[in-house]
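Understanding the architecture of this molecule
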Amino acid sequence: METVAVQRKFSGKRNRLDKPELLAPAGNLEKLKFAIHYGADAVYIGGQAYGLRSNADNFSFEEMREGVEFAKKYGAKVFVATNIYAHNEDVEGIETYLQNLYNAGISAIIVADPAIIEVALRAVPGLEVHLSTQQSTLNWQAVKFWKDEGLPRVVLGRETSFEEIEEIKANVDIEIEAFIHGAMCSSYSGRCVLSNHFTDRDSNRGGCCQSCRWKYDLFEDAREDTVWVSEEDMQMKAPAPFKLGENQLPLFEEQDNSFSMGSKDLCMIGHIPELIDVGVDSFKIEGRMKSIHYVATVVNVYRQAIDAYMADPENYVLKPEWVEEMNKAANRPLNTGFFYDTPDHEDHIYEPEEKAVPFDFAGLVMGYDAETGMATIQQRNHFKPGQEIEFFGPGGHFFKQVVGEIQDEEGNVLDAARHPLQLVKMKVDQPVSYFDMMRKKK
């Protein structure tokens, strides 16, 4: 194969977006469509190789092409996470894989391993390369290094503060992408080996089993007078450091709760002006494994907030309904991560979690008849007459009502919408649109 010199210096690319990009996760094709429909400027997905979410549905090349075509209709882009740390056996075939991504219309790849970066710059120069957060880039000298390597964008480590971002932007003309919402790693992001140790699933090759979310109890090994932590996850695939027995003494009371090491989730909806003013170019939402309801709700809220600020920065205010909506999608308690200060013990979840999500995705609007006020709903979770439900759609369209009579497609009255993906008709109190969502309290 002919060797092509790598272009080191990057030129001709904007280094500050005119308006922050809202970048959403998409674990499968359906989630991609919801994310874009509800306001994402771009989505990041995983292919069937070289990514860090091996348990996600992930995309075939055919699905990527369909996703790209859908995104183009909305002026959106599709990025692919290619962010494993590769072992020798992982490198074979990477050039062909990257070429297939480019041919599918993918706008950029998100990469951590320098070997994959080198291949991409050499073999597929038309495919933009963004540095993954897995590189834990936290300072402007490192950012400058990657710019000089030819990368137009760096995804900063989650541990970066506002003060550090400001210094980076002051010293390097480059696009900065930062996580602004979603799960936080209990370890230094991308460096945890608990999953490897407990289950032989490599977190840096897409197999993290989220060991920090398990429940633990504390024991003392009486033979050596040593304190140990023993995990209790029932799906463990590797032996514990020791077996519980007569020589292991519990250091807890029966009524005590097991603990985890899970961190609270990141949420920056209350700090949109600061994120924009400091120079973050791309607002990244975590969660390729999250539900459609989560993706649509979170994207919808950030879309409204960003647009409101950009339209009138001087008079921007955080609307209470945005915070209320965000809480409907929250899986864990929320905080501001490392943006203002280093998280401490109060930013971790040690007690049993109170699930914050009181809502289920109940139905998807497939059609609406303005003359009759009847909506066609695709069932996604059981609902029935008499239940209070909420409709919401892009741009903040929202209303509540009580479910009235439900009919099937032939007009037969039903006592409930009980079958997955069943199409039913019901009267709605306000006009609705295709792809509006209906949710109910659990």
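The rules behind these values
Residues numbered from 1 in each chain as written. Predicted model: local features only at pLDDT ≥ 70, side-chain atom pairs only at ≥ 80, totals over all residues. Heavy atoms only, no water. Helix = DSSP H or I, 4+ residues; strand = E, 2+ residues; numbered from the N terminus. Buried < 20%, exposed > 50% of the residue type's maximum accessible area, 1.4 Å probe, protein only. Contact = heavy atoms within 4.5 Å. Pairing = 2+ DSSP bridges. Polar contact = N/O pair within 3.5 Å; in protein donor to acceptor, adjacent residues only side chain to side chain. Core = buried A, V, L, I, M, F, W, Y, C linked by side-chain atoms within 4.5 Å.

What follows concerns the environment of Ala-26. Along the chain, Ala-26 turns up in the loop between β1 (21-25) and α1 (29-37). The exposure class assigned to Ala-26 is buried, which follows from its relative accessible area of 0%. Separated by 265 residues in the primary sequence, Ala-26 and Ser-291 place their C-alpha atoms 9.6 Å from one another. In contact with Ala-26, other than residues within four places in its own chain, are Lys-31, Leu-32, Val-43, Tyr-44, Ile-45, Phe-59 and Arg-288.

The two faces of strand β22 (residues 423-427) differ: Val-424 and Met-426 on one face are buried, but Leu-423, Lys-425 and Lys-427 on the other face are not. Pairing of strand β17 (residues 374-379) with β22, which is carried by 5 bridges, proceeds in the antiparallel orientation. Across the sheet, residue Thr-376 finds its bridge partner in β22, namely Lys-425. The sheet contact formed by strand β20 (residues 406-407) and β22 spans 2 bridges and is antiparallel. Residue pairing across strands places Gln-407 opposite Lys-425, the latter belonging to β22.

Turning next to the side chain of Arg-332. Examined against the element boundaries, Arg-332 turns out to sit in the loop between α11 (320-329) and β14 (334-335). For Arg-332, a relative accessible area of 13% translates into the label buried. A distance of 3.1 Å separates the side chain of Arg-332 from the side chain of Asp-265, its partner in a polar contact.

Right, let's get into unusual backbone geometry. Phi is positive for Leu-421, close to 65 degrees, though the residue is something other than glycine. Since its relative accessible area comes to 51%, Leu-421 is described here as exposed. Even without a glycine there, the phi angle at Phe-435 is positive, about 80 degrees. With relative accessibility at 9%, the residue Phe-435 sits in the buried group.

This part takes up the nonpolar core. Grouped burial of nonpolar side chains is what soluble globular proteins tend to show. Counting residues in each nonpolar core, the largest one holds 93 residues, and the members touching the most others are Val-43, Leu-98, Ile-272 and Tyr-302. Sorting elements by how many residues they give to this core places helix α10 (residues 292-311) first, with 11 residues. Apart from the residues lying within four places of it in its own chain, the contact partners of Val-43 are Leu-23, Ala-24, Ala-26, Leu-32, Ala-35, Ile-36, Lys-77, Val-78 and Phe-79. The next biggest cluster of nonpolar side chains, apart from the first, holds 17 residues, and it includes Ile-377, Phe-391, Ile-406 and Ala-417.

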